Amino acid sequence: FTGSLSGDYLDYDGPEGLGSSRQDFAEMPKLVHEDDDCVVVQAGAGVCALERADGRVRWSVVLEAPQGVVAGGVSRGLVWTNAGAVDLGTGEVRRVPEAVSRAVNLVVGEGVVVTVVPGYGDRSELVCLESRDCLRRWSTGIDDPGPSPVRLNSALVAIGMLDRYELDS
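Small disclaimer: the values here were computed from a predicted structure and weren't measured. (Residues numbered from 1 in each chain as written. Predicted model: local features only at pLDDT ≥ 70, side-chain atom pairs only at ≥ 80, totals over all residues. Heavy atoms only, no water.)

Peer 1: Quick question: what am I supposed to make of the environment of Arg-151 here?
Peer 2: Looking at the element boundaries, Arg-151 is found in strand E13 (residues 150–152). With relative accessibility at 36%, the residue Arg-151 sits in the partly exposed group. Separated by 44 residues in sequence, Arg-151 and Val-107 have C-alpha atoms that sit 6.9 Å apart. (Helix = DSSP H or I, 4+ residues; strand = E, 2+ residues; numbered from the N terminus. Buried < 20%, exposed > 50% of the residue type's maximum accessible area, 1.4 Å probe, protein only.)

Peer 1: It is not clear to me how the sheet that holds E13 should be interpreted in this structure. Could you clarify?
Peer 2: Strand pairing in a sheet relies on backbone hydrogen bonds, with the paired strands running either antiparallel or parallel. Read from one edge to the other, the open sheet built from 3 strands follows the order E13-E14-E15, with strand pairing classed as antiparallel. One side of each edge strand has no neighbouring strand; the edge strands of this open sheet are E13 and strand E15 (163–166). On average, adjacent strands in this sheet sit at an angle of 20 degrees to one another, irrespective of strand direction. In this structure, strand E14 (residues 156–159) lies alongside E15, joined through 4 bridges in antiparallel fashion. (Pairing = 2+ DSSP bridges. Axes fitted to C-alpha atoms, helices over the stretch in contact; angles between N-to-C directions.)

Peer 1: So what exactly am I meant to see when it comes to the environment of Glu-130 here?
Peer 2: Its location among the elements puts Glu-130 in strand E11 (residues 123–130). Separated by 21 residues in sequence, Glu-130 and Gly-109 place their C-alpha atoms 9.9 Å apart. With near-sequence residues (within four places) excluded, Glu-130 lies in contact with Trp-80, Gly-111, Leu-135 and Arg-137. Polar contacts involving the side chain of Glu-130 include one to the side chain of Arg-137, which spans 2.8 Å. (Contact = heavy atoms within 4.5 Å. Polar contact = N/O pair within 3.5 Å; in protein donor to acceptor, adjacent residues only side chain to side chain.)

Given below as structure tokens:
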């Protein structure tokens, strides 16, 4: 798959010396989604779907986002990234709200996508999108969570150990 996105990954042979690297490890392939039919992986700005049966490339796209591409998973047939929602079957890219392009994480649930969009200073925005049509369901200002993990269940969005937000409101 990496050859379908960029030959650079195939040429990497490790760090040149202590404290230096010819390849950013963040660019290495990352599993985004897998099901009975396909596997979706991300490498840098490239997102690729592979047929599970034979490894054949179903589609491959290169996306752009100001903070770098972040893929969050699949909901309602769309592979969600901060650069666009990609149709799992065809690779067609749908636009997402502009604020989401600045997102540094995405958490995908049944019918929703939740992300923290960095703001200015110590404030950020928690955004919930409908995965059906990429429209904003709600958003709210929050204190910058820093590296705290964002988790999602059927009723709540949890950030770190203490902050909880109702998914419906």
